[in-house]
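Residue-level listing of the chains:
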Amino acid sequence: MKLFRKQQLNKGQRHYAILKIGACHRIISAMLILMLLLTGCGAKQETATTQSTTEEEDESLLDDDGFRTIRDYIVTVQDNVTVRREPAENSEVYVTLDKGVELKRTGVGDQWTRVLINGTPLYVRSQYVEETDIKWATETDTKQVNRVIYIDPARQITENRETEPVSPDIETPEFMSNGQYATATTAAEKAGMKPKMTTGAIGVSTGNFEYEVTLAVANYLNAELVKRGYTVYLSRTSSSVDISNAKRAEMANAASADVFIKLEAPQANDPSASGILGFIATSANSHTGMLYQNNYELCYDILKTTCEDTGASRMGIYETDNLTSLNYCDMPATVISMGFLSNESDDEALASEEYRKKLAIGIAKGIDLYFENIEKNP
């Protein structure tokens, strides 16, 4: 009996010990769970705080336009990429670019990327560009390549029969008795006055207007020159303007342009006339005579490369002091007749997007060649 009771007692003690150990385990487990929960809450709180701080830091990086500042290069990933003056689909289009055009990126916003073209902040949809490994140009690099090209797409929708001096060296005549300037049909024309803007040509086959053709090529040329590192100004980006020939040259002077290039597509009295023709002022020109050699080389180089790229006939260089635009320029200047809308073959070629691009590339090559030559022989 004693042995049994002792065994029972031992068994009870063992049972009590097991219960005591189990209770301790439960207490420890509860403490561990509580510690984990507390730690977890702390981690979540820390994460939330970190995220809030990051958002505040991101907002602090945004400029006044709401863009995060970046300084690098991007490239267009498709053709017909529109670059706009504001980050909105209804904003004015500055230029339309082909695939592969490299741009300086200065900021990224909501669906829009800010780029710098000709010193002007512009905007393109982020989905149409991607990053490149090109290094951001230094100030020294920019000074080395940053030539200023002024492009004047000839004509506009409306003509302006008011007259202006064909040269800045000619004094402006007084008003006529009716309060208007004399028109080119009066004796004022003999006194060195010409209409501010005459009607452009119309395609004999396509019916295209000269002001449409010249602006289309100018836009392609603008994109090509920007791609090559030039700063480019256009006398107009719309055909609904009223800017005289003299004013366009004066705008180029104000922009401190290195060269002035006017693009035209006129009509000729002879419908068989076909090819690319250049115009420059004469060496005797009272205002631009000292620029004659540079004018000639600029025109020659552009004709050479453009005719090579397009296969068009090279019609040579015509010297005249009767073109208002050339007479007002303070820098080397030329007029390039890209073809004649009075010629069926030229007209149809100028209607082709492919041919327009060839013209733009050819003219850009000629500009490159001109600067290469004057740097070798200053």
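Rules of the game
Residues numbered from 1 in each chain as written. Predicted model: local features only at pLDDT ≥ 70, side-chain atom pairs only at ≥ 80, totals over all residues. Heavy atoms only, no water. 1 Å grid on protein atoms, 1.4 Å probe; cavity = no way out; pocket = protein on both sides within 12 Å on 5 of 7 lines; lining within 4 Å. Points joined across faces, edges and corners; volume = space filled by probe spheres on them. Nonpolar A, V, L, I, M, F, W, Y, C, P; charged D, E, K, R; others polar. Salt bridge = Lys/Arg side-chain N within 4 Å of Asp/Glu carboxyl O. Buried < 20%, exposed > 50% of the residue type's maximum accessible area, 1.4 Å probe, protein only. Helix = DSSP H or I, 4+ residues; strand = E, 2+ residues; numbered from the N terminus. Pairing = 2+ DSSP bridges. Axes fitted to C-alpha atoms, helices over the stretch in contact; angles between N-to-C directions. Expected span 1.5 Å × (residues − 1). Contact = heavy atoms within 4.5 Å. Lys, Arg positive; Asp, Glu negative; His and termini not counted. Phe/Tyr/Trp six-rings, centres within 6.5 Å; stacked < 30°, edge-to-face > 60°. Lys NZ or Arg CZ within 6 Å of the ring centre and 35° of its normal. Parallel < 35°, antiparallel > 145°, perpendicular 65-115°, else oblique. Left-handed = near helix turned anticlockwise from the far one by under 90°.

Asks: What's the story with empty space enclosed by the protein in this structure? I'm lost.
Replies: Empty space among the atoms can be located by rolling a probe the size of a water molecule over them. Applying the stated criterion to the full structure yields 1 cavity of 30 Å³ or more. Size it by volume and the largest cavity reaches roughly 30 Å³. If you go around the largest cavity, the residues you meet are Ala281, Thr288, Asn295, Leu326, Cys329, Met331 and Ala333. Among the residues making up the lining of the largest cavity, the classes are represented as 5 nonpolar, 2 polar and no charged.

Asks: What exactly am I supposed to notice about the pattern of salt bridges here?
Replies: Side chains bearing opposite charge may pair, as long as their charged atoms lie close to each other. Counted under the stated rule, the structure contains 19 salt bridges. Its salt-bridge partner being Arg161, residue Glu159 comes within 3.9 Å of it at the nearest N-O pair. The partly exposed category is assigned to Glu159, whose relative accessible area is 42%. The residue Lys358 makes a salt bridge to Glu354 at a minimum N-O spacing of 4.0 Å. One end of the pair, Lys358, and the other, Glu354, are both in helix α8 (residues 353–376), 4 residues apart, so they sit about a helical turn from each other.

Asks: Hey, could you run me through the sheet that holds strand β15 (residues 333–337) in this one?
Replies: Picture the strands of a sheet paired through backbone hydrogen bonds; they go either parallel or antiparallel. The strand order β11-β8-β12-β15-β13-β14 describes an open sheet built from 6 strands, whose pairing is mixed. Edge positions in the sheet fall to β11 (231–234) and β14 (314–319), since each has one partner strand and no second. Sheet twist, expressed as the average angle between the axes of neighbouring strands with direction ignored, equals 20°. As judged from the 3 bridges shared by strand β13 (residues 276–280) and β15, these two strands associate in the antiparallel manner. Across the sheet, residue Leu277 finds its bridge partner in β15, namely Ser337.

Asks: Looking at this model, I keep getting lost on helix α5 (residues 292–310). Mind explaining?
Replies: Residue pairs spaced three or four apart in an α-helix point in one direction, given the helix's 3.6 residues per turn. Its 19 residues give α5 an end-to-end C-alpha distance of 27 Å, which sits within 8% of 27 Å, the value for a rise of 1.5 Å per residue. Among the residues making up α5, those that are buried are Tyr292, Asn295, Leu298, Cys299, Asp301, Ile302, Leu303, Thr305, Thr306, Cys307 and Thr310. Taken together, the buried residues of α5 touch β12 (259–264), β13, β14, β15 and α8. Positive backbone phi, at 80°, marks Gly311, one or two positions downstream of α5.

Asks: Help me out: how do you make sense of the environment of Asp133 in this one?
Replies: Tracing the backbone shows Asp133 in the loop between β7 (129–131) and α2 (139–145). By relative accessible area, which is 74% here, Asp133 ends up exposed. It is 8.4 Å that separates the C-alpha atoms of Asp133 and Asp72, two residues lying 61 residues apart in sequence.

Asks: Help me out: how do you make sense of the side chain of Lys262 in this one?
Replies: Mapped onto the elements, Lys262 comes out in strand β12. Buried and unpaired, Lys262 has no salt bridge, with Asp152 as the nearest side chain of opposite charge at 4.2 Å. Residues within four places of Lys262 in sequence aside, it is in contact with Asp152, Ala154, Asn245, Ser325, Thr334, Val335 and Ile336.

Asks: Help me out: how do you make sense of the packing of aromatic side chains in this one?
Replies: Centre-to-centre distance and the angle between the planes together describe a pair of aromatic rings. Counted by the stated rule, this structure contains 8 aromatic pairs. Consider the rings of Tyr292 and Tyr296, whose centres lie 6.4 Å apart with planes at 40°: the pair is tilted. One end of the pair is Tyr292 and the other is Tyr296, both in helix α5 and 4 residues apart, which spans about a single turn. Residue classification places Tyr296 among the partly exposed residues on the basis of a relative accessible area of 31%. In this structure an aromatic cluster arises from ring pairing among Tyr230, Tyr370 and Phe371. It is Arg314 that lies over the ring of Tyr300; its NZ or CZ is 4.7 Å from the centre.

Asks: I tried to follow the pairing of strand β5 (residues 112–117) on my own but got confused; where do I start?
Replies: Along any regular strand, the residues point their side chains to alternate faces of the sheet. Burial runs high along β5: 5 of the 6 residues are buried. Bridge analysis of strand β4 (residues 102–108) against β5 gives 4 bridges, and the strand direction is antiparallel. Counted as the bridge partner of Gly107 is Arg114 from β5. Count of turn residues in the β4/β5 antiparallel hairpin: 3 residues, of which Gln111 carries a positive phi of about 75°. One ladder, built from 6 bridges, connects β5 with strand β6 (residues 120–125); its direction is antiparallel. Residue pairing across strands places Arg114 opposite Tyr123, the latter belonging to β6. Here β5 folds back onto β6 in antiparallel fashion, the turn holding 2 residues, of which Asn118 has a positive phi close to 55°.

Asks: Teacher, can you tell me more about the packing of α5 against α8 here?
Replies: Packed helices, taken two at a time, are described by their axes: the angle between them and the distance between them. Following both chains from N to C, one finds α5 and α8 inclined at 140°, their axes separated by 7 Å at the closest point. Comparing their axes, α8 and α5 come out oblique. Where α5 crosses over α8, the handedness of that crossing is right-handed. Here the residues of the contact of α5 with α8 sort into 10 nonpolar, 7 polar and 6 charged.

Asks: When you look at unusual backbone geometry in this model, what are you seeing that I'm missing?
Replies: Negative phi values dominate among residues other than glycine, just as trans dominates among peptide bonds. One non-glycine residue, Asn80, lies in positive phi territory at about 60°. Its location among the elements puts Asn80 in the loop between β1 (68–76) and β2 (81–84). Positive phi outside glycine occurs at Gln111, with the angle close to 75°. Among the residues examined, Gln111 registers a relative accessible area of 49% and is labelled partly exposed.

Interpretation note: all reported values are geometric properties and have no functional meaning in isolation.
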